[in-house]
Amino acid sequence: GQSLEQPSEVTAVEGAIVQINCTYQTSGFYGLSWYQQHDGGAPTFLSYNALDGLEETGRFSSFLSRSDSYGYLLLQELQMKDSASYFCAVGNYGGSQGNLIFGKGTKLSVKP
Amino acid sequence: DSGVTQTPKHLITATGQRVTLRCSPRSGDLSVYWYQQSLDQGLQFLIQYYNGEERAKGNILERFSAQQFPDLHSELNLSSLELGDSALYFCASSVDQGSSYEQYFGPGTRLTVT
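Only a predicted model underlies this, so the values are computations on that prediction, with no experimental measurement involved.

(A) Structural detail: the overall build of chain A. Secondary structure assignment for chain A yields 0 helices and 11 strands. For chain A, the sequential pattern of α-helices and β-strands runs β-β-β-β-β-β-β-β-β-β-β. On C-alpha atoms alone, chain A measures out to a radius of gyration of 14 Å, which is about the 13 Å that the 2.2 N^0.38 rule sets for 112 residues. The dimensions of chain A, computed from C-alpha atoms along their principal axes, are 45 × 30 × 20 Å. Counting across all 112 residues of chain A, residues that qualify as buried make up 46%. Across chain A, the fraction of contacts at a sequence separation of at least 24, relative to all contacts at a separation of at least 6, is 56%. Where the 6 positive side-chain charges of chain A centre and where its 10 negative ones centre are 7 Å apart.

(B) Structural context of the packing of aromatic side chains. Counted under the stated rule, the structure contains 15 aromatic pairs over all chains. Centre to centre, the rings of A:Phe102 and B:Phe105 are 6.2 Å apart; their planes meet at 75°, and the pair counts as edge-to-face. Here B:Phe105 lies in strand S10 (residues 104–105) and A:Phe102 lies in strand S10 (residues 100–102), a pairing that spans two chains. Linked through ring pairs, A:Tyr35, A:Phe45, A:Phe87, A:Phe102, B:Tyr35, B:Phe45, B:Phe90 and B:Phe105 together constitute an aromatic cluster. Over the ring of B:Tyr104 we find B:Arg26, and its NZ or CZ is 3.8 Å from the ring centre.

(C) Geometry of the state of the cysteines. A complete count under the given rule lists 2 disulfides over all chains for this structure. Each sulfur of the disulfide joining A:Cys22 and A:Cys88 lies 2.1 Å from the other. Between A:Cys22 and A:Cys88 the sulfur-sulfur dihedral comes to about 75°; the bridge is accordingly right-handed. Of this pair, A:Cys22 sits in strand S3 (residues 18–25) while A:Cys88 is found in strand S9 (residues 84–91), placing the two residues 66 residues apart along the sequence. A:Cys22 gets classed as buried once you look at its relative accessible area, which sits at 0%. Sulfur-sulfur distance for the disulfide between B:Cys23 and B:Cys91 comes to 1.7 Å. In this structure the cystine formed by B:Cys23 and B:Cys91 twists about its S-S bond by roughly -45°; its chirality is therefore left-handed. Taken together, the residues span a long stretch of sequence, with B:Cys23 in strand S3 (residues 19–24) and B:Cys91 in strand S9 (residues 87–94) at a distance of 68 residues.

(D) The pairing of S3(B), seen in detail. Residue and element names in this part refer to chain B. Of the two faces of S3, only one is covered, namely that formed by Val-19, Leu-21 and Cys-23; the face formed by Thr-20, Arg-22 and Ser-24 stays uncovered. Here 5 bridges tie S3 to strand S8 (residues 74–78), and the two strands are oriented antiparallel to one another. Looking at S8, one finds that Leu-21 is bridged to Leu-76.

(E) How the structure looks around the nonpolar core. Membership of the largest hydrophobic core comes to 22 residues, with the highest contact counts inside it found for A:Leu32, A:Trp34, A:Leu75, A:Tyr86 and A:Leu108. Of all hydrophobic cores here, the second largest spans 20 residues; its members include B:Val4, B:Val32, B:Tyr49 and B:Ile60.

(F) Expanded view of unusual backbone geometry. Residue B:Thr7 is joined to B:Pro8 through a cis peptide bond whose omega torsion reads -10°. On the secondary structure map, B:Pro8 appears in the loop between strand S1 (5–7) and strand S2 (10–13). Even without glycine at this site, A:Glu77 takes up a positive phi of about 45°. Along the polypeptide, A:Glu77 turns up in the loop between strand S8 (70–75) and S9.

(G) Summary view of the sheet that holds S3(B). Residue and element names in this part refer to chain B. If you trace the 4 strands from one edge of the open sheet to the other, you get S1-S3-S8-S7, paired in antiparallel fashion. In this open sheet, the two strands that pair with only one neighbour each are S1 and strand S7 (64–68). For this sheet the average axis-to-axis angle between neighbouring strands, irrespective of direction, equals 15°.

(H) Focus on the pattern of salt bridges. Taken as a whole and judged by the stated rule, the model has 6 salt bridges over all chains. Among the salt bridges present, the one from A:Asp82 reaches A:Arg59, with a minimum N-O distance of 2.8 Å. Here A:Asp82 is found in the loop between S8 and S9, whereas its partner A:Arg59 is found in the loop between strand S6 (53–57) and strand S7 (60–65), with 23 residues between them in sequence. Taken together, the shared-partner salt bridges in this structure form one network comprising B:Arg63, B:Glu82 and B:Asp85.

What counts, and where the lines are drawn
Residues numbered from 1 in each chain as written. Chains lettered and ligands numbered in written order. Predicted model: local features only at pLDDT ≥ 70, side-chain atom pairs only at ≥ 80, totals over all residues. Heavy atoms only, no water. Helix = DSSP H or I, 4+ residues; strand = E, 2+ residues; numbered from the N terminus. Rg over C-alpha atoms; globule rule 2.2 N^0.38 Å. Buried < 20%, exposed > 50% of the residue type's maximum accessible area, 1.4 Å probe, protein only. Contact = heavy atoms within 4.5 Å. Lys, Arg positive; Asp, Glu negative; His and termini not counted. Charge placed at Lys NZ, Arg CZ, Asp CG, Glu CD. Phe/Tyr/Trp six-rings, centres within 6.5 Å; stacked < 30°, edge-to-face > 60°. Lys NZ or Arg CZ within 6 Å of the ring centre and 35° of its normal. Disulfide = S-S within 2.5 Å. Pairing = 2+ DSSP bridges. Core = buried A, V, L, I, M, F, W, Y, C linked by side-chain atoms within 4.5 Å. Axes fitted to C-alpha atoms, helices over the stretch in contact; angles between N-to-C directions. Salt bridge = Lys/Arg side-chain N within 4 Å of Asp/Glu carboxyl O.

Right, here's the structure in full:
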């Protein structure tokens, strides 16, 4: 089976940097995705790492270490609007299947 | 706006009833996914369709079924509803199965079973 672990809550102040970790156990790993979901909203895709290393997209970066079954999402220059839940997800795609398994999410609260 | 549409936005119904949730994927997307999100369970994958065919099943109850039509829209049917089925139901789409890491979610249908 597949499982993902991430912290349930993180709090940080505006302008700071926060890192949200995700460890996973999966058979047939293909990559790690990150999604953001504001309260009452739909999840939105943030980033994807298939290979080891850091991917940067503006203020957000995502890192993957396949050997450690570990990844993280790094949010810099935090803004109030970054308050949301962040989900890591692993893919189960290949062959005839293709779907994502999501972690339980990390609720990020950004304080002024 | 992700380009994925879902109807209805809200649905209130009684236990034992049956409802149908509808989803239209982004233009050009062939894969459709259904998820259930409740407060204590996070995003639970239910089922995936690709170009009209069922391709993957997650934790979908036997009382639930889905299909994808030739125009690629999809419907999720929930029957013999129980109080515990109250949740947000999301539909998502991706270009194809190989792109399932990047899914676009609709606004969701909030189902309340009373």
